[in-house]
Amino acid sequence: ALLEAPSDKDTYALRDRAILELLYSTGIRVSELVTRNIGDLDFIEEVLTVRGKGNKERLVPVGRPAIEAVRCWLPQRLQLIEQRAKRGRSVEKEALFLNGRGSRLTTRSVERLVKAYGERAGITQIVTPHALRHSFATHLLEMGADLRTVQELLGHASLSTTQRYTHLTLDHLADV
């Protein structure tokens, strides 16, 4: 429901859907999302280069729905860049996600939009980008992914941090 919440009535529905899909598909931190450049996403190999905490670099696979959502956002992104340039306004051309003023989105603006779409989707709990990160990890483990792989994808130094991220019971984790 959350991923479908952006509608055609929203000015930046394509961008917002791409953000939601990318957060859920990759499990990246919101700070990692807003610092991504267009060149960080390899559309052919379907991987995203992420520099996380401690400036450690990792490659994260990106699901096809997220790749397609970003592809749908790109023409609007380019149009925004061209409009700003015509008016002699500054624009951060390398940023993957821009606001209407041509600047990189902030973590706070992404948090606000995720929360708003969560409310629109009828989700009673407050939805945060971090909740999507938790869902990513939990769903991977539920589908049989190994804990070490999830640890790598999330960019955690410690396995115990990854274990806390999951909403699984200890019994289910032991089975996995």
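Residues numbered from 1 in each chain as written. Predicted model: local features only at pLDDT ≥ 70, side-chain atom pairs only at ≥ 80, totals over all residues. Heavy atoms only, no water.

A. Quick look at the side chain of Gln-76. Topologically, Gln-76 is positioned in helix H3 (residues 64–86). Here Thr-11 takes part through its backbone oxygen, which lies 2.8 Å from a polar atom of the side chain of Gln-76. Setting aside its immediate chain neighbours within four residues, Gln-76 contacts Thr-11, Tyr-12, Leu-14 and Arg-15. (Helix = DSSP H or I, 4+ residues; strand = E, 2+ residues; numbered from the N terminus. Polar contact = N/O pair within 3.5 Å; in protein donor to acceptor, adjacent residues only side chain to side chain. Contact = heavy atoms within 4.5 Å.)

B. The arrangement of the sheet that holds strand S3 (residues 57–61) in detail. Strand order in the open sheet formed by three strands is S1-S2-S3, and the pairing between neighbours is antiparallel. Both outer strands of the open sheet, strand S1 (41–42) and S3, are each paired with one neighbouring strand and no more. Of the strand pairs in this sheet, strand S2 (residues 47–51) and S3 are connected by five bridges, and their pairing is antiparallel. Considered in S3, the bridge of Thr-49 is made with Leu-59. (Pairing = 2+ DSSP bridges.)

C. Examining the pattern of salt bridges more closely. Evaluated as defined, the whole model comprises eleven salt bridges. Across the pair Glu-57 and Arg-51 runs a salt bridge whose closest N-O atoms are separated by 3.1 Å. Take Glu-57: its relative accessible area is 56%, and that puts it in the exposed class. Since its relative accessible area comes to 30%, Arg-51 is described here as partly exposed. (Salt bridge = Lys/Arg side-chain N within 4 Å of Asp/Glu carboxyl O. Buried < 20%, exposed > 50% of the residue type's maximum accessible area, 1.4 Å probe, protein only.)

D. Fine view of the layout of surface pockets. If you add up the space inside the largest pocket, you get close to 250 Å³. Lining the largest pocket are Ala-1, Leu-2, Leu-3, Tyr-24, Ile-123, Gln-125, Ile-126, Val-127, Ala-131, Leu-132, Ser-135 and His-139. The element contributing the most residues to the lining of the largest pocket is helix H5 (residues 129–142), with four residues. Its residues assigned to classes, the lining of the largest pocket comprises nine nonpolar, three polar and no charged. The calculated volume of the second largest pocket comes to roughly 190 Å³. Along the wall of the second largest pocket there are 13 residues; nearest its centre are Tyr-24, Ser-25, Phe-136, Leu-140 and Met-143. When residues of the lining of the second largest pocket are traced back to their parent elements, those giving at least two are helix H1 (13–26), S3, H3 and H5. (1 Å grid on protein atoms, 1.4 Å probe; cavity = no way out; pocket = protein on both sides within 12 Å on 5 of 7 lines; lining within 4 Å. Points joined across faces, edges and corners; volume = space filled by probe spheres on them. Nonpolar A, V, L, I, M, F, W, Y, C, P; charged D, E, K, R; others polar.)

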